[in-house]
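Given next are the chains, with one letter for each unit.
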Amino acid sequence: MNIETRITHAGLCTDSVTGAISTPIYQTATFRHPAVGVSTGYDYSRTVNPTRQVLENVMADLEGGDRGFAFASGMGAITTVLMMFSNGDHLLVSDDLYGGTYRVLERNFRQLGITVDYVDMTQLESVEAAIIPGHTKAILIETPTNPLMKITDLAKVSALARSKGLLTIVDNTFMTPYLQRPIELGADVVVHSGTKYLGGHNDVLSGVVVTARPELSEKIGFIQNSTGNVLGPQDSWLMLRGIKTLSLRMEKQQQNAAAIAEWLVKNPHVKQVYYPGLPGHPGREIQVKQSNGFGAMLSFRVPDAAWVERIINRVKVITYAESLGGVETLITYPMKQTHGDIPAEIRQKIGVTDDLIRLSVGIEHIDDLIGDLEQAISGGAKG
Ligand SMILES: Cc1ncc(COP(=O)(O)O)c(C=O)c1O
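Cut-offs and rules
- Residues numbered from 1 in each chain as written.
- Predicted model: local features only at pLDDT ≥ 70, side-chain atom pairs only at ≥ 80, totals over all residues.
- Heavy atoms only, no water.
- Pairing = 2+ DSSP bridges.
- Helix = DSSP H or I, 4+ residues; strand = E, 2+ residues; numbered from the N terminus.
- Axes fitted to C-alpha atoms, helices over the stretch in contact; angles between N-to-C directions.
- Contact = heavy atoms within 4.5 Å.
- Salt bridge = Lys/Arg side-chain N within 4 Å of Asp/Glu carboxyl O.
- Buried < 20%, exposed > 50% of the residue type's maximum accessible area, 1.4 Å probe, protein only.
- Parallel < 35°, antiparallel > 145°, perpendicular 65-115°, else oblique.
- Left-handed = near helix turned anticlockwise from the far one by under 90°.
- Near = heavy atom within 4 Å.
- Polar contact = N/O pair within 3.5 Å; in protein donor to acceptor, adjacent residues only side chain to side chain.
- Areas by Shrake-Rupley, 256 points an atom, 1.4 Å probe, with all protein chains shown as cover.
- pLDDT = per-residue confidence, 0-100.
- Core = buried A, V, L, I, M, F, W, Y, C linked by side-chain atoms within 4.5 Å.

**Here's the deal with the sheet that holds strand 2 (residues 90-94)**
Argument step 1. Pairing in this open sheet of seven strands is mixed, and the strands run 1-7-6-5-4-2-3 from one edge to the other. Each of the sheet's edge strands pairs with one partner strand only, and the pair in question is strand 1 (67-71) and strand 3 (115-119). Strand-to-strand twist in this sheet, taken as the mean axis angle between neighbours without regard to direction, amounts to 20 degrees.
Argument step 2. Here strand 1 pairs with strand 7 (residues 207-211) via five bridges, running antiparallel. Along strand 7, the bridge assignment pairs Phe71 with Gly207.
Argument step 3. Across the sheet, helix 3 (residues 74-82) touches strand 1, strand 2, strand 5 (167-171), strand 6 (189-193) and strand 7, and the angle it forms with strand 6 is around 155 degrees.

**Considerations on the pattern of salt bridges**
Argument step 1. Across all of its chains, the model carries 16 salt bridges by this definition.
Argument step 2. One salt bridge in this structure joins Arg6 and Asp61, with 3.1 Å as the shortest N-O distance. In this pair, Arg6 is assigned in helix 1 (residues 3-8) and Asp61 in helix 2 (residues 50-63), connecting sequence segments 55 residues apart.
Argument step 3. Glu184 is paired through a salt bridge with Arg181; the nearest N and O atoms lie 3.1 Å apart.
Argument step 4. Taking the relative accessible area as the measure of exposure, Arg181 reaches 17% and is therefore buried.
Argument step 5. Among the ionic contacts, a cluster of salt bridges with common partners joins Arg162, Asp188, Arg213 and Glu215.

**Some points on the packing of helix 12 (residues 305-314) against helix 14 (residues 366-382)**
Argument step 1. Closest axis-to-axis distance for the helix 12/helix 14 pair is 8 Å, and the angle between their directions is 140 degrees. Considering the angle they form, helix 12 stands oblique to helix 14. Considering the relative orientation of helix 12 and helix 14, their crossing is right-handed. Here Trp307, Arg310, Ile311 and Arg314 of helix 12 come into contact with helix 14, specifically with Asp372, Gln375, Ala376, Ile377, Gly379, Gly380 and Ala381.

**Structural notes on the environment of Ile141**
Argument step 1. Here Ile141 shows up in strand 4 (residues 136-142).
Argument step 2. Separated by 220 residues in the primary sequence, Ile141 and Val361 place their C-alpha atoms 23 Å from one another.
Argument step 3. Setting aside anything within four residues of it in sequence, one finds Ile141 in contact with Ser94, Met121, Thr152, Leu154, Val157, Thr168, Ile169, Val170 and Asp171.

**Focus: the sheet that holds strand 9 (residues 297-301)**
Argument step 1. On the basis of which strands lie adjacent, the open sheet formed by five strands has the order 8-9-12-11-10 and mixed pairing. Taken across any chain shown, the strands that pair with only one partner, and hence form the sheet edges, are strand 8 (272-274) and strand 10 (319-320).
Argument step 2. With two bridges connecting them, strand 10 and strand 11 (residues 330-332) associate as parallel partners. When the bridges of strand 11 are listed, Tyr320 appears paired with Ile331.
Argument step 3. Contacts between helix 10 (residues 246-266) and the sheet are confined to strand 8, strand 9 and strand 12 (356-360), with strand 9 contributing the most and set at about 10 degrees to the helix.

**Let's talk about the site of the ligand**
Argument step 1. Close to the ligand lie 14 residues, the nearest being Gly74, Met75, Asp171, Ser193 and Thr195.
Argument step 2. Taking Met75, its main chain carries an N or O atom lying 2.8 Å from an oxygen atom of the ligand.
Argument step 3. One of the side-chain nitrogen or oxygen atoms of Lys196 is found 3.0 Å away from an oxygen atom of the ligand.
Argument step 4. Protein contact buries 93% of the 390 Å² of open area that the ligand shows by itself.
Argument step 5. Tallying contributions element by element places helix 3 first for the shell around the ligand, with three residues.

**Focus: the confidence of the model for the protein chain**
Argument step 1. Here the protein chain shows a mean pLDDT of 96. Residues at 70 or above account for 100%.
Argument step 2. When the elements of the protein chain are averaged for pLDDT, helix 13 (residues 344-350) gives the smallest value, 89, and strand 7 the largest, 99.

**A short note on the nonpolar core**
Argument step 1. Membership of the largest hydrophobic core comes to 65 residues, with the highest contact counts inside it found for Ile243, Ile260, Leu264, Leu298, Phe300 and Leu359.
Argument step 2. Tallying contributions element by element places helix 10 first for this core, with seven residues.
Argument step 3. Once residues lying within four places of it in the same chain are set aside, the contact partners of Leu359 are Ile260, Ala296, Met297, Leu298, Phe300, Ile318, Thr329, Leu330, Ile331 and Leu373.
Argument step 4. Among the nonpolar cores identified, the runner-up in size contains 28 residues, and Met84, Phe85, Val116 and Val189 belong to it.

The following block contains the structure:
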């Protein structure tokens, strides 16, 4: 079956008793055992809950993995994956990445003896050079990166990792399995902030992990159950409902994003536009090779920080808020919001500076979005 159909059928008729079209919300903490030593397969909702299980199976299917796991947030998912490592282990991580991932690595995992080096994953030689034999255990990649939209060649980095005995973990939040399936390209583990495109409506927090092989599923399943980081049944249901329209939303969102990127490039007040679909984007060819689209995230630079503030204060159709991936277009100031926890000198080095604005493009009419940006940017020019 094509992925659009599998997406639309997320959770369809999973209850064979009633034939309910929509997966029921099993709002229960625990399950009756028919007799001593006999289980229905459901014992306690931290371990397995039927509604969450449907979502987890849907995600495993869409990503082409062995098993899926649903968590209370994207950070919950990432934390669970990081708990596979221990004192003395070393990780290589994309140098341009979500600030929360940087924060959990630096503030929580470093104190447990897990060290990290941040590398430009677009340069295969730099990745190889940063591997510390005997210590490096995994490579954690965001592609496109957040917020500068750098593209990593997933097949090449995964092949390198495999040849050195390392795991490849990909944060696929920006792309979703509709546009990119890292496991098919050689990755071992995929993580998501399900809060973003998968949920799609800015109304639910969630995280997802999909593992490529049973031995990894075993590890993640154990950590999920033992630490209790799980998504509740109501939120699992909201995720299933959101996923059903993922392909339509993604198509419309990326169509709008491409139009905005092209418009921004021509705007005399905009210094630079970062969108993988633009002809001059350095990662465009790799993106075409490894995914089915360019997504709906873009960033751009304006002359200075004062401009950023004026633009953000002037937008009317677009909303100033953190997060991304929902049907509503959001404007974000990475330096102050999503990347606020990254030290200033590192932000400066990678280019997350005070003149950078990020857009998560939604499904509104394109004329309203461009009209809003037009008035906000020309208003920004007036001071
Ligand atoms: C790429 C990426 N990964 C992970 C996360 C964390 O997800 P959550 O906010 O659901 O914990 C985010 C959040 O913005 C993100 O953008």
